[in-house]
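Coordinate analysis (summary)
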Amino acid sequence: MVLLVTSDNEQFQTEKDIVERSVLIKNMLEDVGESDQPIPLPNVSSSVLKKVTQPSTGPTEIDVRGRYLSTASTTVESPSRPPILEQSQDETRKRTTDISEWDQKFITVDQEMLFEIILAANYLDIKSLLCRRWLQDGSQHDQGARPPEEIRKLFNIVNDFTPEEEAQIKKENEWAEDR
Amino acid sequence: MSRRIHLKSISALLLSDLPPDIIFSIFACCDIASVVSVSQTCRDLHALAFEKSVWLVLLDDLRRRCILDRNCTPNIDTLSTAEMIDIVKRLITGPQTWSPEELDSVAEISRKITLHPTIAAASKWIVPQLLRSGRYVLFLNLYRLECWSVLDDRLVWTHTFPLDDMEVYGFAAEEADADVKIMVCFTAFLNAETRSYVEIVDLDLQTGTHNSLLVARVPNSDDTDPFSRPAVCGALAAVRLSVDLGELYMIVNWRKKLYLVLQANDLNTRLHGALIPGHILFSEEARLHLISSDMLSSHWAPIIATDGCTEPSPVFLKDIPKLRTLDASHTEQRFDSIYAHESPIRDGRYSVWIYSKRHVHRDFLSYRLSIPANEEPEWSQRTRSTLQPGRSYSYHPITYCGHSITSRGHQRGPFTIFSVASVSFGTAEVELPPSAAIHTDIAPYSGALTYSTDSSIVIQYYR
């Protein structure tokens, strides 16, 4: 077990192989060697760390975790780790449906939390969490990448193209549609 | 810390407020379709999405997944963003000279590579197959399976098995960066008895050494070659079998050392299958099924020992729960071979081609299959076209973008490339020797044609 301390001074006991999915923490652990010393994470708040490492703590998370587990139990190789940490860096492109519901729920976090998670994932260096899943899937309109309008809404992006530019860009990128 | 406070202090959060390096990291984990989609949201992101560094990562990912053929993709680092996008477009559309504006033009070869194995005799069991990265050719050289390095025309590996008196009849391979998982289908002759097996080997491409991951006995057969259309995908490998019992479809899980034999409602009906990650597509007469590999879990059985002689009891396909079934009974289609390829630009999207028979007609149907991570899979039919009379289709593979080979009349040239999505339109003539009629491999993304002559293996890339 590894003791993590967040920016708001909360302590988290976390399994080593889980936190080592974070390249930052893995390197830190290698630097300090075997030790009981807590690892400070000054850029990560407790609420974000919970989202990142301990999906089964909060009330909404239990729901997610429960659903997740029920999915996992039907798979041949059922994962035992929090789903978002399930994919290691070199596996990020591996196709898996296991992490789906978890990520789906993530999409429903409010925008501020979404940004905090992105920042935390970047800081902790967890590639799989920085992920494409916000930009892909979960879309009601399309079975693949989210359409631009939906990404604008999700990330609060202001469309600053002129209508002509927008039409032009849409045309240039037509090749990628429906493939 | 300060960044976090900054974000909290403004009421409207903007994606463009994130530092560019984070946005790059996000792009790096996205599929190409998502990056293109984000690029259409605003000016800042449009500029970032078409940065060269983003596309270097996206192309590197395609290369790692062995979707890019290294022989027709020059050194990626030297390319501009526009050139890299052109490479991706080509994956989607196939070679330019294969989509002729006018009818019956001649396809233009951009590169020709010749390998020189010792070829014993012309035979049905001389089968070359270019691995997707273009680095190696697996070559079934009259009952022996070999692996040749394309770069230096060198024999890297020959399949061996403890039994000397054996003949390889088929194989399938799934390539990763440094190794390739190969399913070898062979029959061994022991004390006047023939026994057929499938073996899964893990071949290290650097050292040319292999690990045998699994050997499984195939149900007894009078025919020394009961195998058709072997396939490997992830932990699963599958092959269609015509054995004494009837028409079967065998699936093995090499990781768990389990196997399963499926049959249609009656033992005379052939099941055709295609493996995609986590799923299997089956065609059974006029029905097309999508099955999650998890749904097979209660039917798996431990592999029969290599010297065991227990006959397996086949599982009925109708007893396996399906994710989706498409019923085409009303159209009187009889589905035959299935080809399924992942989309190079969209995760969880597959292009599925099905060869089908309808009375005297020979049809090609195409479906778009989406298996999103968190939703129900969905498929929709895209095209259906009918092969013209006088043309024959002899089970050459169909590429991601729907190209295949046909010849006029009796398996002799001229050979033409046609789009199975629109067979009545233009075809592009390709120059191949008559021997290419037996086996010509078409690479699913690059479209490279690989065939053998009396003395060599030839790989032809097209412009």
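What counts and how
Here the residue numbering is sequential within each chain, running from 1 through the sequence in written order. Chain labels run from A onward and ligand labels from 1 onward, assigned in the order the entries are written. Reporting of local features is limited, given that this is a predicted model, to residues whose pLDDT is at least 70; pairs of side-chain atoms are given and counted only at 80 or more, and all residues count toward the totals for whole chains, interfaces and linings. Comment: elements are numbered from the N terminus, with helices defined as DSSP H or I runs of at least four residues and strands as E runs of at least two. Our exposure labels follow a C-beta count within 10 Å of each residue's own C-beta, placed from the backbone: buried means 20 or more other C-beta atoms, exposed means 12 or fewer, and partly exposed covers the counts in between. Here contacts are defined at the residue level, using C-beta atoms placed from the backbone and a cut-off of 7 Å between them. We take the radius of gyration over the C-alpha atoms and set the globule estimate at 2.2 Å times the residue count to the 0.38 power. How far a helix is expected to stretch is found by multiplying one less than its residue total by 1.5 Å. Directions pointing from the helix axis toward each C-beta atom define the arc. Here the limits of each domain have been adopted from an automatic or database domain assignment. Each residue is assigned to one of three groups, with Ala, Val, Leu, Ile, Met, Phe, Trp, Tyr, Cys and Pro labelled nonpolar, Asp, Glu, Lys and Arg labelled charged, and all others, Gly among them, labelled polar. Every angle, taken between N-to-C directions, lies between 0 and 180 degrees, and every axis is a line fitted to C-alpha atoms, over only the stretch in contact when it is a helix. Roughly parallel here means an angle under 35 degrees, roughly antiparallel means over 145, roughly perpendicular means 65 to 115, and every remaining angle is called oblique. Helix crossings fall into two classes, left-handed where the near helix is turned counterclockwise from the far one by less than a right angle and right-handed where it is turned clockwise. Nonpolar cores are identified as sets of buried Ala, Val, Leu, Ile, Met, Phe, Trp, Tyr and Cys residues joined via C-beta atoms within 7 Å. Note on pairing: two strands pair once DSSP finds at least 2 bridges between them. For every residue, the predictor states its confidence as a pLDDT score lying anywhere from 0 to 100. UniProt positions are given in the numbering used here, feature names are shortened, and annotations may be inferred rather than shown by experiment.

1. With respect to the overall build of chain A
Across its full length, chain A carries 8 helices and 3 strands. Starting at the N terminus, the α and β elements of chain A follow one another as β-β-α-α-β-α-α-α-α-α-α. By the burial criterion, 37% of the 179 residues in chain A qualify as buried. Considering only contacts within chain A whose residues lie at least 6 apart along the sequence, 59% involve residues at least 24 apart.

2. A few points about the overall build of chain B
Scanning chain B from N- to C-terminus turns up 6 helices and 31 strands. Here the C-alpha radius of gyration of chain B, 23 Å, is about what a compact globule of 463 residues would show, namely 23 Å. Referenced to the eigenvectors of the C-alpha coordinate spread, the extents of chain B come out at roughly 80 × 55 × 50 Å. Per-residue burial over chain B gives 46% buried out of 463 residues. Across chain B, the fraction of contacts at a sequence separation of at least 24, relative to all contacts at a separation of at least 6, is 54%.

3. Thoughts on helix α6 (residues 81–93) of chain B
Residues and elements named next belong to chain B. Taking 1.5 Å of rise per residue, the 13 residues of α6 would be expected to cover 18 Å, and the 19 Å separating its terminal C-alpha atoms lies within 8% of that figure. Buried within α6 are the following residues: Met84, Ile85, Val88 and Leu91. Seen from one end, α6 has its buried residues packed into an arc of 110 degrees, which puts them on one side. Opposite the buried face of α6, by more than 90 degrees, sit the exposed residues Ala82 and Asp86.

4. Re the domain arrangement of chain B
All names here are of chain B. Along its sequence, chain B is carved into domain 1 (14–93) and domain 2 (96–462). A straight line from the C-alpha centre of domain 1 to that of domain 2 covers 31 Å. Between domain 1 and domain 2, the residue contacts involve 15 residues of the former and 21 residues of the latter. Broken down by secondary-structure element, the contributors of at least two residues to the side of domain 1 that touches domain 2 are α3 (32–39), α5 (52–64) and α6. Along the lines of polarity and charge, the residues of the side of domain 1 that touches domain 2 split into 9 nonpolar, 2 polar and 4 charged.

5. Re the packing of α5 of chain B against α6 of chain B
Packed helices, taken two at a time, are described by the angle their axes make and the gap between the axes. Residues and elements named next belong to chain B. With their axes 9 Å apart at the nearest point, α5 and α6 run at an angle of 30 degrees to one another. Overall, the two elements α5 and α6 adopt an arrangement that is roughly parallel. Helix-helix and strand crossings are classified by hand; for α5 and α6 the assignment is left-handed. On α6, the residues that touch Lys52, Trp55 and Leu59 of α5 are Thr81, Met84, Ile85 and Ile87. Residues of the contact of α5 with α6, tallied by class, amount to 5 nonpolar, 1 polar and 1 charged.

6. Considerations on the nonpolar core
One finds Phe171, Met183, Ala237 and Met250 of chain B to be the most contacted residues of the largest nonpolar core, which totals 159 residues. In terms of residue count, helix α6 (residues 111–124) of chain A provides more of this core than any other element does, 7 residues in total.

7. As for the sheet that holds strand β3 (residues 126–130) of chain B
All names here are of chain B. Spatially, 4 strands are ordered β3-β4-β5-β6 in an open sheet, and the strand pairing comes out antiparallel. Of all strands in the sheet, those bounded by a partner on one side alone are β3 and β6 (154–158). Taking each pair of neighbouring strands and ignoring which way they run, the sheet shows an average axis angle of 25 degrees. The sheet contact formed by strand β4 (residues 136–141) and strand β5 (residues 144–149) spans 6 bridges and is antiparallel. Considered in β5, the bridge of Phe139 is made with Glu146.

8. Let's talk about the pairing of strand β11 (residues 227–233) of chain B
Residue and element names in this part refer to chain B. The buried fraction of β11 amounts to 5 of the 7 residues, a majority that puts the element mostly inside the structure. The pairing of β11 with strand β12 (residues 236–243) spans 5 bridges and is classified as antiparallel. Its bridge partner lying in β12, Val232 is registered against Ala237. Hairpin geometry of β11 and β12 is characterised by an intervening segment of 2 residues between the two adjacent antiparallel strands and by a positive phi of about 60 degrees at Gly234.

9. What to know about the confidence of the model for chain B
Residues and elements named next belong to chain B. Confidence in the prediction for chain B averages 86 pLDDT; 91% of positions are at 70 or higher. Confidence drops under pLDDT 50 across residues 1–13; counting only partners more than four residues distant or on other chains, this segment forms 15 contacts. The complex prediction reports pTM at 0.81, with the ipTM value standing at 0.79.

10. Brief notes about the pairing of strand β23 (residues 361–370) of chain B
Residue and element names in this part refer to chain B. Of the pairings in the sheet, the one linking strand β22 (residues 349–358) to β23 comprises 10 bridges and is antiparallel in character. From the neighbouring strand, Trp353 faces β23, where its bridge partner is Ser366. Pairing of β23 with strand β24 (residues 378–386), which is carried by 8 bridges, proceeds in the antiparallel orientation. Note that in β24 the partner of Leu369 across the bridge is Trp379.

11. Brief notes about the sheet that holds strand β10 (residues 209–217) of chain B
All names here are of chain B. Judged by pairing direction, the sheet is antiparallel, and its 4 strands sit side by side in the order β7-β8-β9-β10 without closing on themselves. The open sheet terminates on both sides in strands that have one partner only, identified here as β7 (166–175) and β10. With direction set aside, neighbouring strand axes in the sheet form an average angle of 25 degrees.

12. Digging into the UniProt feature "domain: SKP1 component dimerisation" (unreviewed entry) in chain A
Under the feature "domain: SKP1 component dimerisation" (unreviewed entry), the UniProt entry names residues 146–176 of chain A. Within the segment residues 146–176 of chain A, helix and strand shares are 58% and 0% respectively, and the terminal C-alpha atoms sit 12 Å apart.

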